[in-house]
Amino acid sequence: MVDWFEVAGLHVEGRGELFEVRLPVRWGDMDAQGHVNNGVHLDYLQDARWDYLLQNGVTDMLEGVLAVEHKIEYRAPIQFSPEPVTVQMVVLERRAVKFRLGYLIIHQGRLCAVASSTMVPFDLAGQKMRRLNPDEVDLLDRYTWQVQRVFRELPNPPLQGRGHEMGILTRFSDVDRQDHVNNVRVLDYFQEGRIAMTTAADPLAARSGTSGSAQGRSLWLLVRQDVEYLRQMTLRRVPYRLFTAVTRIGTTSLGLAAEIVDPDDGTVITRAQHVLVCADDALRPTPISDTLRANLQRFVVEA
């Protein structure tokens with residue numbers, strides 16, 4: 001049996017139980033590049049958490065648990081196939097009022113992503129965080145592993161209205177059963193910001209989720225993204241403000257920071273960091289051109 005934690009290059013110092021679930025790949029999960037869209041990976045993680053609670057008979061959190069942070073590193077694309085995606089999930093940390101989960105996503109014999117989520121149980125009626133109950137503590141402790149930290153920190157400067165700006169309008173279907181915008185849908189908003197910013201820097205830039213080739217065009221591949229949820233985002237017909245800025249320009253890679261802001265009072269609701277790699281049509285890393293590098297400079301924010 002393959003030890004996927006070893007394949008992922010993770011150093012495991014202690015093992016508890018391992019939760020594993022197989023989830024179908026839908027045709028609608030695909031983007032125009034012919035692989036599962038980056039945001040859909042978090043749908044798989046969300047479904048894995050749901051099945052974890054249901055199968056273990058600990059259901060209080062099904063009516064109230066909030067994501068406060070996700071980190072995900074994309075190792076290989078997921079192609080459409082009748083073969084389901086396998087998600088392996090463990091608990092990385094458990095405290096009185098929050099816990100952190102770790103995941104591996106495997107498909108067709110390949111490790112496709114490494115991820116983590118920080119979650120808090122939430123009292124919907126009282127609109128406040130609550131402590132874990134004894135059954136939840138017991139379940140989380142059974143699945144707790146000791147794994148060395150796997151994600152390096154990314155630059156996260158406060159943008160304060162800097163960078164590329166655009167409006168984001170929420171949709172009715174973005175809202176979940178807890179009556180706020182689902183944490184997974186927020187990644188769609190940040191994707192829109194990345195596309196708009198890279199296109200503004202390079203009108204020929206390949207948008208995330210496009211295919212084909214064009215002379216002089218750059219193709220950006222998302223290889224890492226972190227999202228921090230600071231406040232609940234609700235359905236409204238006034239657009240939120242989304243700022244996307246450049247934090248680092250490497251030889252072939254680009255670091256970004258982004259913030260979604262309440263237009264009424266300027267409060268930051270959610271922030272994110274992304275790492276993109278510039279690639280050719282064969283999806284091989286290629287140097288960022290001097291022209292594109294110069295155009296990106298106007299969106300640079302010092303960390």
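Since we're looking at a predicted model, the values are computed, not measured.

**As for the pattern of salt bridges**
Close approach of charged atoms lets side chains of opposite charge pair.
And step 1. Here the structure, examined in full by the defined rule, presents 18 salt bridges.
And step 2. In this structure, the salt-bridge partner of D43 is R185, at a minimum N-O distance of 3.5 Å. Of this pair, D43 sits in helix α2 (residues 40–55) while R185 sits in helix α4 (residues 183–201); the two residues are 142 residues apart in sequence, bridging distant segments of the chain.
And step 3. Close ionic contact of D262 with R236 constitutes a salt bridge, the shortest N to O distance being 3.5 Å.

**A word on the packing of aromatic side chains**
And step 1. In this structure the tally under the stated criterion is 4 aromatic pairs.
And step 2. An angle of 25° between the planes, with centres 4.7 Å apart, marks the rings of F5 and W145 as stacked. One end of the pair, F5, is in helix α1 (residues 4–7); the other, W145, is in the loop between α3 (134–142) and β8 (146–147), and 140 residues separate them in sequence. Taken as a pair, F5 and W145 share a single burial class, namely buried.
And step 3. Relative to F80, the ring of W27 lies with its centre 5.1 Å away and its plane at 85°, an arrangement referred to as edge-to-face. Taken together, the positions of W27 in the loop between β2 (19–23) and α2 and F80 in the loop between β3 (65–74) and β4 (85–94) put the pair 53 residues apart, joining distant regions of the chain.
And step 4. For W27, a relative accessible area of 64% translates into the label exposed.
And step 5. Connected via pairs of aromatic rings, a cluster forms that spans F19, Y52 and Y143.
And step 6. One Lys or Arg, R236, reaches over the ring of Y240 and ends 5.2 Å from the middle of that ring.

**Topic: the nonpolar core**
And step 1. Counting residues in hydrophobic clusters, the biggest one holds 67 residues, and the most contacted among them are Y44, Y52 and V87.
And step 2. Among residues more than four places away in sequence, those in contact with Y44 are L23, P24, V25, D29, V36, I78, V85 and V87.
And step 3. Core analysis: the second largest hydrophobic core is formed by 12 residues, L104, I106, L111 and W145 among them.

**What to know about α4**
And step 1. The end-to-end C-alpha separation of α4 is 28 Å, in line with the 27 Å expected for 19 residues at 1.5 Å each.
And step 2. Across the 19 residues that make up α4, a large majority, 15, are buried.
And step 3. Where α4 begins, one side-chain oxygen reaches toward the backbone nitrogen of V184, 2.9 Å away; that side chain belongs to N182.

**Structural notes on the side chain of T244**
And step 1. Position of T244 among the secondary structure elements: in strand β11 (residues 240–249).
And step 2. When neighbours within four sequence positions are excluded, T244 is seen to be in contact with G163, H164, G193, R194, M197, L256, A257 and A258.

**Things to note about the pairing of β3**
And step 1. The buried fraction of β3 is high, at 7 of 10 residues.
And step 2. Sheet topology places β3 next to strand β6 (residues 110–123); 9 bridges connect them, and they run antiparallel. Bridge pairing links E69 to T118 in β6.
And step 3. Inspection of the sheet shows β3 paired to strand β10 (residues 219–229) by 5 bridges, in the antiparallel sense. Paired with E69 across the strands is E228, a residue of β10.

**Here's the deal with the side chain of D226**
And step 1. Along the chain, D226 falls in strand β10.
And step 2. Note on D226: relative accessible area 2%, which makes it buried.
And step 3. Within the structure, the side chain of D226 is placed 3.3 Å from the side chain of K71, a separation counted as a polar contact.

What counts, and at which threshold
Residues numbered from 1 in each chain as written. Predicted model: local features only at pLDDT ≥ 70, side-chain atom pairs only at ≥ 80, totals over all residues. Heavy atoms only, no water. Salt bridge = Lys/Arg side-chain N within 4 Å of Asp/Glu carboxyl O. Helix = DSSP H or I, 4+ residues; strand = E, 2+ residues; numbered from the N terminus. Phe/Tyr/Trp six-rings, centres within 6.5 Å; stacked < 30°, edge-to-face > 60°. Buried < 20%, exposed > 50% of the residue type's maximum accessible area, 1.4 Å probe, protein only. Lys NZ or Arg CZ within 6 Å of the ring centre and 35° of its normal. Core = buried A, V, L, I, M, F, W, Y, C linked by side-chain atoms within 4.5 Å. Contact = heavy atoms within 4.5 Å. Expected span 1.5 Å × (residues − 1). Polar contact = N/O pair within 3.5 Å; in protein donor to acceptor, adjacent residues only side chain to side chain. Pairing = 2+ DSSP bridges.

Treat this as a map of the structure, not an account of what it does.
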